[in-house]
Amino acid sequence: MVLVPSRILFCVSLVLSLLCPQLWGQHTNEIVATLDGPTNQIRIRQHFTYHNQSDKGLSTLYFNDWNHAYSNKNTALAKRFGEEFNRSLHLAKDRERGYTTIKTIVDNNYVGLDWKREGNSDYITVNLNEVLKPNESIQLFFTYTIKLPSAKFTGYGHRDDGGYHLKDWYFSPAVFDGEWHLYNNINLNDIYTDVTNTRINFTFPENLFLVSNYRKSSVSGFPNGQYTQLIGDNRKNCEIILNRDDRFTKHVTDFVTVSTDIESNKYEEIAQGISILKIAQFLQENLGSYPHGNLLVSEFDYNRSPLYGINQLPSFIRPYEEQFQFEMKFLKTAIRSYLKESLYLNPRKERWVNDAIGYYLMIKYVEEFYPDQKLIGKLSRIWGVRSFHLAKMDFNEQYALFSMLSARKNIDQALTTSNDSLIKFNERIANGYKAGLGMSYLSAYLGEKKIDSTVLDFYKNYKQQQRVSAADFRKTIEKYADKEVDWFFEEYVGSDKKIDFKIKSVEKTDDSITFMLKNKRGTNVPISLFGLENDSVVSQYWFSNIDSTKSFTIPRGSEDRLVLNYDQKIPEFNQRDNWKTLNGWFSSNKKLKFQFFKDTEDPYYNQVFYVPIMNFNLYDGVTPGLRLYNKTFLERPFEYDIAPTYSFLERTMVGKVGFRYRKYHNKTGLFVTNYSFSASTSHFEQNSRFSTVTPAISFGWRPNDLLSNRRQYLLLRYRNVFRSIDESLQGELETDPDYGVLNARFTDVDNSIINYSSWSIDAQHSSEFSKLAFEWEYRKLFQSNRQLNLRFYAGKFLRNTTNSNFFSFALDRPTDYMFDLAYLGRSEDSGIYSQQVIIAEGGFKSKLENPFANDWIATTNASTNIWRWIEAYGDLGFIKNKGENTRFVYDSGIRLNLVTDYFELYFPVYSNRGWEIAQNDYGQRIRFIVTLSPRTLTGLFTRKWF
């Protein structure tokens, strides 16, 4: 490639920076960058003038180098990916990684400076030769090359189509405000860098179209390349998008100039322009004027932070009108860019402020322009769907729904929680929604005009300020508030306390209503009360400072019902007890509502959901039935699940029933207790039924770091088993038909896609035996994509008075006397159903002779990759029966690990039985694992969010 002489460009930019007096007193950044297409590298010469704006002398400076986060599998970014069950960066090839190669760093005296990188950090330390005093500056000259990563990791870097997306790609100064703020790149889009005046002379390959958030000079072409200058005054980092096609359009409005590639194929271009003009005017009126020349609103930015929910469906089944869908998509992305490019808060520690303003404006936009928009759009008008409570919910009710989803699971986190400490669901969805909902809460409490004035004032006075914080936002709110608002910052923003109120009692007179409000969680926030007449609001009140219970009296009008938080502006934990009727006790009882399929909570009904189900096992055959349950989209403390089914083979009823009460305690340590009672009945042989009745209690612990996937559980249960058999099988039962087993099990599991480990201790006691078992499992994924799987199991009878193997340890196919395992044909010893394997107890895959142990057992199972999902496995162990010598057992073979623990095939090769692969009945020796439970399979997709 023929290039414009970089030395000339560099000298010109240096002279310009020295001659421009408006740049004095602030960091200035002059960059000459050349993007080389074939190697995906950018050669950079950077002249940085650092002004010490603090009151301390500095001997060390720090610069962000976030491109280096892709350099190896041990960076903070790679570890974060592993926590989220994403192994792409761990297994990346060298050509796909990104890294920085630093050649020289010199000061204005052209003296080399010492620098270092701490471990795998994404910032560098530059040691100055002299202390930089307050209000003085130093010029630094960096020469380095960055290798861009593949965009498949985070979307930034080089794309397969030949395009590029550059962000946080050059050295930028870390923030020092008495202490250094040094953050690693963990794909949160929250780099914290000082404001600079930046000039970038950028050379890039031909046939690419460039857009940027910075002001761009005209593009000059030369043989095999192009050149432009990018200018950003009082800005943060420069973002560059290079595409093979000119997909961005520029919209020049009276309010802001927009460059965007967001579009809708079914929404006319002229109409799109009108919608963009409407949104630009809305932002001007509700935020203020945008301080830069160009607002970049990209499809890429939207896809990184979309409107989660039903609008994630494929475009051909989305239920919204094209105009609404386009405007919401553009609005969300535009607001984020608007705020990010002009309000310079700490994005890792104080992101909630931008979220509060942004989502509040989105809520306000829908209220102003689409007040009748439903959450599920046009689907709400379809027969069979419109009866659902979900169909009746307004679009803006999604914010309370999604934020409450996190709270009900006891994983909600305070809005002030650092970005890097939020679980993915809170970071992407729940906390932003809660922040915006909080502003709507304040708006309802203080008055809409006061909050609107707060947002305008804050943006006007603090945009582009070098130092702005959440404290400035609080001061602005307090400036306009005519009521006390400490509760908002201390209880709502600064904690993860739940909000939950209840109307306890109501007394009426001819001219007044006296009622008792109970604060069930003790969170000291105001609560709204509405008086309704025939579902129309006739009165509204606010009450505050309710520590536990408090009595209030209001004038009596035409109300026939009192409802707390009727407009749902408050993210309340439980709204099912928020209303009281004034028409007598019998009228206050909620009606029972039977409803097909799961729905959102309707606080005015006792909902019972039903759905047809179908199960299968060899002895019952296909068993259709009806499932009745009360679980909504939000978790509930008490849940029941009743699932009667009909066995066509046995011509009788089978099924199961379960009741559970879950009590959450703390976020960490002992966080949950579950009390449950379950019963089930099915068949284990022709005309032979088993039934179980199980009371249980379990406890769960988790570490202080909510991002950790480690969990510990203690289960205590008493399993009662009752069996009845066909007359033709009388005498074939090896034990009493009825028995009970007291079971205690402790499990410690750390679930990660890179390193998985778990161990458990299981103790069982019954009238005929007592036994202990220990199980340990470990999986390691290496950078070469080779995975090592290890499992160890050991069990010992402390007491055993049985004369059969029914309760014995098993090598390959446990008898499952506790009826825990999902056998399709649990009594089979031949045929396809006998070939189902469930990795339990000995964990062997070959069917060996005398596979039971009534004294003790110890086995080890191992497997590793041969090629992709083809693995070699081997099992070995010892089993001991009373009165017999210890036996050494082993087997080996090939494992097709299609989906670990869910769908696998095992082909035995060699074992104690010799070369199994050469024996005549080999087809009967092949084993398989299959999981049919939809709930288990969905865990593969939800685990990365929670």
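Residues numbered from 1 in each chain as written. Predicted model: local features only at pLDDT ≥ 70, side-chain atom pairs only at ≥ 80, totals over all residues. Heavy atoms only, no water.

(A) Quick look at the pairing of strand 32 (residues 638–647). In this structure, strand 31 (residues 621–629) lies alongside strand 32, joined through three bridges in antiparallel fashion. Its bridge partner being in strand 32, G625 is matched across the sheet by T645. Bridging between strand 32 and strand 33 (residues 652–664) involves 10 bridges; their strand directions are antiparallel. From the neighbouring strand, Y646 faces strand 33, where its bridge partner is M653. (Pairing = 2+ DSSP bridges. Helix = DSSP H or I, 4+ residues; strand = E, 2+ residues; numbered from the N terminus.)

(B) Up close: the packing of aromatic side chains. Here the structure, examined in full by the defined rule, presents 76 aromatic pairs. Ring plane angle 70 degrees and centroid distance 5.2 Å describe the contact between Y445 and W542, whose orientation is recorded as edge-to-face. Separated by 97 residues along the polypeptide, Y445 in helix 9 (residues 424–446) and W542 in strand 25 (residues 536–543) bring together distant segments of the chain. For Y445, a relative accessible area of 10% translates into the label buried. Cluster of aromatic residues (ring-pair linked, three or more members): Y739, F769, Y793, F797, F806, F807, F809 and Y817. (Phe/Tyr/Trp six-rings, centres within 6.5 Å; stacked < 30°, edge-to-face > 60°. Buried < 20%, exposed > 50% of the residue type's maximum accessible area, 1.4 Å probe, protein only.)

(C) Looking closely at the environment of S758. Residue placement: S758 occurs in strand 38 (residues 755–765). For S758, a relative accessible area of 12% corresponds to the buried category. Counting along the chain gives 166 residues from S758 to Q924, while the straight-line C-alpha distance between them is 32 Å. In this structure, S758 is in contact with D748, V749, E775, W776 and E777, ignoring residues within four places of it in sequence. A distance of 3.5 Å separates a polar atom in the side chain of S758 from a polar atom in the side chain of Y756. (Contact = heavy atoms within 4.5 Å. Polar contact = N/O pair within 3.5 Å; in protein donor to acceptor, adjacent residues only side chain to side chain.)

(D) Examining the pattern of salt bridges more closely. As enumerated under the stated definition, the model contains 55 salt bridges in all. A salt bridge links E635 to R662; the nearest nitrogen and oxygen atoms lie 3.2 Å apart. With E635 in the loop between strand 31 and strand 32 and R662 in strand 33, the pair connects residues that are 27 residues apart, well separated along the chain. In this structure E635 comes out as buried when scored by relative accessible area, which is 12%. By sharing partners, the salt bridges in this structure join R351, D355, E427 and R428 into a single network. (Salt bridge = Lys/Arg side-chain N within 4 Å of Asp/Glu carboxyl O.)

(E) Highlighting the nonpolar core. W352, I357 and F515 are the most contacted members of the largest nonpolar core, which has 103 residues in total. Once residues lying within four places of it in the same chain are set aside, the contact partners of I357 are L287, L339, L343, V455, F458 and F473. Among the nonpolar cores identified, the runner-up in size contains 43 residues, and I31, I44, Y144 and F204 belong to it. (Core = buried A, V, L, I, M, F, W, Y, C linked by side-chain atoms within 4.5 Å.)

(F) Here's a closer look at the packing of helix 11 (residues 470–480) against helix 12 (residues 486–493). One way to put it is that helix 11 packs onto helix 12 with a least axis distance of 10 Å and a crossing angle of 135 degrees. With respect to helix 12, the axis of helix 11 lies oblique. When helix 11 is examined against helix 12, the residues R474, I477 and E478 are found in contact with a partner set consisting of D486, F488, F489 and E490. (Axes fitted to C-alpha atoms, helices over the stretch in contact; angles between N-to-C directions. Parallel < 35°, antiparallel > 145°, perpendicular 65-115°, else oblique.)

(G) The arrangement of a nonpolar patch on the surface in detail. Together, F638, I642, F659, Y661, Y675 and F677 make up a nonpolar patch on the protein surface, roughly 530 Å² of accessible area in all. Looking at the nonpolar patch, the elements that each hand over two or more residues are strand 32, strand 33 and strand 34 (669–685). Relative to the assigned elements, Y661 resides in strand 33. You can call Y661 partly exposed: its relative accessible area is 36%. (Patch = residues over 30% accessible without salt bridge, like charges linked within 9 Å, V, L, I, M, F, W, Y side chains within 5 Å. Areas by Shrake-Rupley, 256 points an atom, 1.4 Å probe, with all protein chains shown as cover.)

(H) Quick look at the sheet that holds strand 24 (residues 527–533). Spatially, four strands are ordered 25-24-27-28 in an open sheet, and the strand pairing comes out antiparallel. The open sheet terminates on both sides in strands that have one partner only, identified here as strand 25 and strand 28 (579–581). Direction aside, the axes of adjacent strands within the sheet are offset by 20 degrees on average. Inspection of the sheet shows strand 24 paired to strand 27 (residues 561–564) by four bridges, in the antiparallel sense. Paired with F530 across the strands is V563, a residue of strand 27.

(I) Just the environment of H165, in detail. Its location among the elements puts H165 in strand 9 (residues 164–166). C-alpha of H165 to C-alpha of V366: the two residues are 201 residues apart in sequence and 32 Å apart in space. Ignoring any residue separated from it by four or fewer positions in sequence, one finds H165 in contact with G155, Y156, G157, R159, E239, I240, I241 and F300. Only 2.7 Å separates the side chain of H165 from the side chain of E239, close enough to count as a polar contact.

(J) Up close: the packing of helix 5 (residues 322–340) against helix 6 (residues 351–369). Here helix 5 crosses helix 6 at 150 degrees, and the two axes come no closer than 10 Å. Taken as axis vectors, helix 5 and helix 6 run roughly antiparallel relative to one another. When you trace helix 5 past helix 6, the crossing you get is right-handed. Touching F324, E327, M328, L331, K332, I335, R336, L339 and K340 of helix 5 are N354, D355, I357, G358, Y359, L361, M362, Y365 and V366, all from helix 6. (Left-handed = near helix turned anticlockwise from the far one by under 90°.)

(K) Here's a closer look at the side chain of N213. For N213, the location among the structural elements is in the loop between strand 14 (209–212) and strand 15 (215–216). For N213, the side chain forms a polar contact with the main-chain oxygen of N237, separated by 3.3 Å.

(L) Representation of helix 11 in the model. Considered for burial, the residues of helix 11 that qualify are A470, D472, F473, T476 and I477. Relative to the axis of helix 11, the buried residues are bounded by an arc of 155 degrees and lie together on one face. Facing away from the buried surface of helix 11 by more than 90 degrees, the exposed residues are K475 and K479. For helix 11, the elements touching its buried residues are helix 6, helix 9, helix 10 (448–462) and helix 12. (Arc of directions from axis to C-beta.)

(M) Region of interest: the sheet that holds strand 14. Strands sit in the order 8-9-18-14 across an open sheet of four strands; the sheet is antiparallel. Looking at which strands have only one partner, the edges of the open sheet turn out to be strand 8 (157–158) and strand 14. By the bridge criterion, three bridges tie strand 9 to strand 18 (residues 240–243) in an arrangement that is antiparallel. When the bridges of strand 18 are listed, H165 appears paired with I241.

(N) Summary view of helix 12. Most of helix 12 sits out of view: six of its eight residues are buried. Three or more residues of helix 12 are buried, namely W487, F488, F489, E491, Y492 and V493. Lining the buried residues of helix 12 we find helix 6, helix 9 and helix 11.

(O) Layout of unusual backbone geometry. You will see that N687, though not glycine, has its phi angle at about 55 degrees, which is positive. Inspection of the secondary structure puts N687 in the loop between strand 34 and strand 35 (688–702). Although it is not a glycine, N850 sits at a positive phi angle of roughly 50 degrees.

(P) Expanded view of the pairing of strand 45 (residues 887–899). With 10 bridges joining them, strand 44 (residues 870–880) and strand 45 adopt antiparallel strand pairing. Directly across from G877, in strand 45, lies its bridge partner V889. Hairpin connection from strand 44 to strand 45: six residues lie between these consecutive antiparallel strands, with G883 at a positive phi of about 75 degrees. Judged from the eight bridges that link them, strand 45 and strand 46 (residues 903–911) form a sheet pairing that is antiparallel. Bridge pairing in strand 46 places G893 opposite P908. Taking the residues that link successive antiparallel strands as the turn, the strand 45-strand 46 hairpin has three residues, and the phi of D901 there is positive, at about 75 degrees.

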